[in-house]
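Reading the structure
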Amino acid sequence: MRLIYLAAIARAFNSAANRKSFVASRPITSYIFVSTVTPGIDQGDFLAIKNVAMENSRNSAITGLLVCNGFNFMQCIEGDRSVLNALMHRIWQDDRHSGVTIVDEREARNRQFAQLHVVGRFWSAQQGSERAVLSEILAGETVSNVARTMFQSFNSLGIKKAG
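To keep things clear, this report deals only with the structure shown in the data block. (Residues numbered from 1 in each chain as written. Predicted model: local features only at pLDDT ≥ 70, side-chain atom pairs only at ≥ 80, totals over all residues. Heavy atoms only, no water.)

**Brief notes about the layout of surface pockets**
Picture a little ball the size of a water molecule; that probe, rolled over the atoms, points out where space is still empty. Computed from the structure, the largest pocket encloses a volume of approximately 330 Å³. Around the largest pocket, the lining is made up of 19 residues, and of these Ile49, Gln75, Leu87, Ile91 and Asp94 lie nearest the centre. When residues of the lining of the largest pocket are traced back to their parent elements, those giving at least two are strand E1 (28-37), helix H3 (43-60), strand E3 (72-79) and helix H4 (81-93). Among the elements that take part in the lining of the largest pocket, H3 stands out by supplying five residues, more than any other. In the lining of the largest pocket, the residues fall into eleven nonpolar, five polar and three charged. (1 Å grid on protein atoms, 1.4 Å probe; cavity = no way out; pocket = protein on both sides within 12 Å on 5 of 7 lines; lining within 4 Å. Points joined across faces, edges and corners; volume = space filled by probe spheres on them. Helix = DSSP H or I, 4+ residues; strand = E, 2+ residues; numbered from the N terminus. Nonpolar A, V, L, I, M, F, W, Y, C, P; charged D, E, K, R; others polar.)

**Re the nonpolar core**
Grouped burial of nonpolar side chains is what soluble globular proteins tend to show. Within the largest apolar cluster, 14 residues are counted, with the highest numbers of intra-cluster contacts made by Leu65, Val67 and Phe151. Of all elements in the fold, only strand E2 (63-68), E3, helix H5 (127-138) and helix H6 (145-156) reach the threshold of two or more residues within this core. Excluding its chain neighbours within four sequence positions, the residues that come into contact with Val67 are Asn72, Phe73, Met74, Val119, Leu134, Phe151, Phe154 and Asn155. (Core = buried A, V, L, I, M, F, W, Y, C linked by side-chain atoms within 4.5 Å. Buried < 20%, exposed > 50% of the residue type's maximum accessible area, 1.4 Å probe, protein only. Contact = heavy atoms within 4.5 Å.)

**What about the packing of aromatic side chains?**
Under the definition given, this model contains one aromatic pair. Between Phe46 and Phe73, the aromatic rings sit 6.4 Å apart at their centres with planes inclined by 5°, giving stacked as the arrangement. With a gap of 27 residues between them, Phe46 in helix H3 and Phe73 in strand E3 connect regions that are remote in the sequence. Residue Phe46 shares its accessibility class with Phe73, and that shared class is buried. (Phe/Tyr/Trp six-rings, centres within 6.5 Å; stacked < 30°, edge-to-face > 60°.)

**Remarks on the environment of Glu78**
Topologically, Glu78 is positioned in strand E3. As a C-alpha pair, Glu78 and Ala61 span 17 residues in sequence and 8.5 Å in three-dimensional space. In contact with Glu78, other than residues within four places in its own chain, are Ile28, Thr29, Ser30, Ala61, Ile62, Thr63, Gly64, Leu84, Arg111, Gln112 and Phe113. Engagement of the side chain of Glu78 in a polar contact is seen with the backbone nitrogen of Gln112, the distance being 3.1 Å. (Polar contact = N/O pair within 3.5 Å; in protein donor to acceptor, adjacent residues only side chain to side chain.)

**A short note on the pattern of salt bridges**
Considering all chains together, one arrives at five salt bridges under this definition. A salt bridge links Arg81 to Glu105; its shortest N-O distance comes to 3.0 Å. With Arg81 in helix H4 and Glu105 in strand E4 (residues 97-108), the pair connects residues that are 24 residues apart, well separated along the chain. With its nearest N and O atoms 2.8 Å apart, the salt bridge here joins Arg106 to Asp104. Of the residues examined, Arg106 reaches a relative accessible area of 30% and is grouped as partly exposed. For Asp104, a relative accessible area of 12% gives the class buried. Among the charged side chains, a salt-bridge network with shared partners connects Arg81, Glu105 and Glu107. (Salt bridge = Lys/Arg side-chain N within 4 Å of Asp/Glu carboxyl O.)

What follows is the structure in structure tokens.
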């Protein structure tokens, strides 16, 4: 009887229509971490980081937000806990930054970000346009108040107020 029940579950999971409901029912793990950019990193390095991040996103169902303010990185990654733990191990080994510190960890039923977003001063030639892009991403209704506040504060570091 148990074998028939397991076979029925396997058939249900293998149908495309039901796969989403099984996957969606698993909790999503989210890490937000900060790190210090290695001195001398340039636009080419940042684009290489962006490309690897986007590839990891496609291959491992990782979503989130990567922001560089020119001196530090802040990133939210979300997905399956075991995939994120393996990714964090690689991130800690990356010599393009140091001092990787997880500042928030949580589990949720839904993702905050529908895809991986990458925003940074190296990526955008116009500082104002990068801020507008980041504001639009953070305005999403699925983004938690904690993540929104952290990223808005992070992005304002080093910005002089007019007046």
